[in-house]
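One-letter residues, chain by chain:
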Amino acid sequence: MSMLVMAAIMAFLHHLAAFTVVSTLAIEVALFKPPLTLVQARRLQIVDSVFGISAGLLLVIGMGRFHFEKGAAYYFHNPFFLTKFSLFIAAALISIYPTLLFLSWKQDIKAGTAPTIDPVKVRKARMCMMLELTAIVGILFCAPMMARGL
Ligand code: HEM
């Protein structure tokens, strides 16, 4: 397969993973309004695992694109890529808090009961999600800048 076709396929996969990350995060924000029913709690856990898997794929595919676009050296010397990458890592680290909260409901869900969640933890988790969305806005600003060599 030619480099051009591979570059286009990698761009498609990159966008597919990025759109999945954004949409699953938006679903989490909309769903996470306690008190939760058992079904809502289970859905949040499932949506969060899709979010985590697509974020992991996004990182791997994004790095894979280096080879089919301008080469790793170009990106690691580009300030917009470095900002984009730092924002991505920051968002990934911030997302650990809500993920651990959702995973802490395991016993309740197994027992067939809806989890009761401390309001302070709810506020913190929602704040994390807002920070992640803000980081994505920054990433979307940096992406076209880095692609055009700015
Ligand atoms: C939420 C996370 C991300 C979003 C929303 C995102 C978005 C985008 C967008 C919109 C473009 C197209 C830019 C353009 O052609 O104008 C792009 C290109 C690209 N992204 Fe991402 N991206 C994300 C994460 C990543 C990560 C983690 C990496 C690598 C570690 C990465 C590497 C790349 C590369 C190499 C390109 C091609 C740039 C070029 O054409 O020279 N992206 N990204």
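Below you will find a few notes about this structure. All values derive from a computational prediction rather than experimental measurement.

Our focus in this paragraph is the overall build of the chain. Along its length, the chain carries seven helices and zero strands. Moving toward the C terminus, one meets the helices and strands of the chain in the order α-α-α-α-α-α-α. Counting only residues that meet the buried cut, the chain has 24% of its 150 residues in that class. Sequence-distant contacts in the chain: of pairs separated by 6 or more residues, those separated by 24 or more amount to 83%.

Running from N to C, helix 1 (residues 3-31) and helix 2 (residues 38-68) point in directions that differ by 155°, and their axes come no closer than 8 Å. The angle between the axes of helix 1 and helix 2 places the two elements in the roughly antiparallel class. Judged by the twist between their axes, the crossing of helix 1 over helix 2 is left-handed. Across the contact of helix 1 with helix 2, the residue classes tally to 20 nonpolar, seven polar and four charged.

Before going further, it helps to examine the site of the ligand. Close to the ligand lie 20 residues; Gly62, Arg65, Ala143, Pro144 and Ala147 are nearest. Mapped onto the shell around the ligand, the elements with two or more residues apiece are helix 1, helix 2, helix 4 (79-94) and helix 7 (119-147). Class assignment of the residues belonging to the shell around the ligand gives a composition of 15 nonpolar, two polar and three charged.

Grouped together as the largest cluster of nonpolar side chains are 17 residues, with contacts concentrated most on Ala17, Val21, Leu44, Phe51 and Leu58. For this core, the secondary structure elements donating two or more residues are helix 1, helix 2 and helix 5 (96-103). Sorting elements by how many residues they give to this core places helix 2 first, with seven residues. By size, the runner-up hydrophobic cluster in this structure holds nine residues, among which are Phe88, Ala91, Ala135 and Met146.

What follows is about the environment of Phe51. For Phe51, the position within the fold is in helix 2. Classification of Phe51 as buried rests on a count of 22 C-beta atoms within 10 Å. With 31 residues separating them in the primary sequence, Phe51 and Thr20 have C-alpha atoms 7.1 Å apart. Not counting residues up to four positions away in its chain, the partners in contact with Phe51 are Val21, Thr24, Leu25 and Glu28.

For helix 5, the full list of buried residues reads Pro98, Leu101 and Phe102. Projected down its long axis, helix 5 carries its buried residues within an arc of 95°, all on one side. What points out from helix 5, more than 90 degrees from its buried face, is the exposed set Ile96, Leu100 and Leu103. Residues of helix 5 that are buried sit in contact with helix 2 and helix 7.

Time to look at helix 7. Given a rise of 1.5 Å per residue, 29 residues ought to cover 42 Å, and the 42 Å separating the end C-alpha atoms of helix 7 matches this to within 8%. Summarising the contacts, the buried residues of helix 7 are in contact with helix 1, helix 3 (72-76), helix 4 and helix 5. Following helix 7 by one or two positions, Gly149 has its phi on the positive side, about 75°.

Here Ser95 is to be found in the loop between helix 4 and helix 5. Between the C-alpha atoms of Ser95 and Met63, which are 32 residues apart in sequence, the distance is 21 Å.

How each quantity is defined
- Residues numbered from 1 in each chain as written.
- Predicted model: local features only at pLDDT ≥ 70, side-chain atom pairs only at ≥ 80, totals over all residues.
- Helix = DSSP H or I, 4+ residues; strand = E, 2+ residues; numbered from the N terminus.
- Buried ≥ 20, exposed ≤ 12 C-beta atoms within 10 Å, placed from the backbone.
- Contact = placed C-beta atoms within 7 Å.
- Axes fitted to C-alpha atoms, helices over the stretch in contact; angles between N-to-C directions.
- Parallel < 35°, antiparallel > 145°, perpendicular 65-115°, else oblique.
- Left-handed = near helix turned anticlockwise from the far one by under 90°.
- Nonpolar A, V, L, I, M, F, W, Y, C, P; charged D, E, K, R; others polar.
- Near = placed C-beta within 6 Å.
- Core = buried A, V, L, I, M, F, W, Y, C linked by C-beta atoms within 7 Å.
- Arc of directions from axis to C-beta.
- Expected span 1.5 Å × (residues − 1).

Honestly, it's all geometry; don't read function into it.
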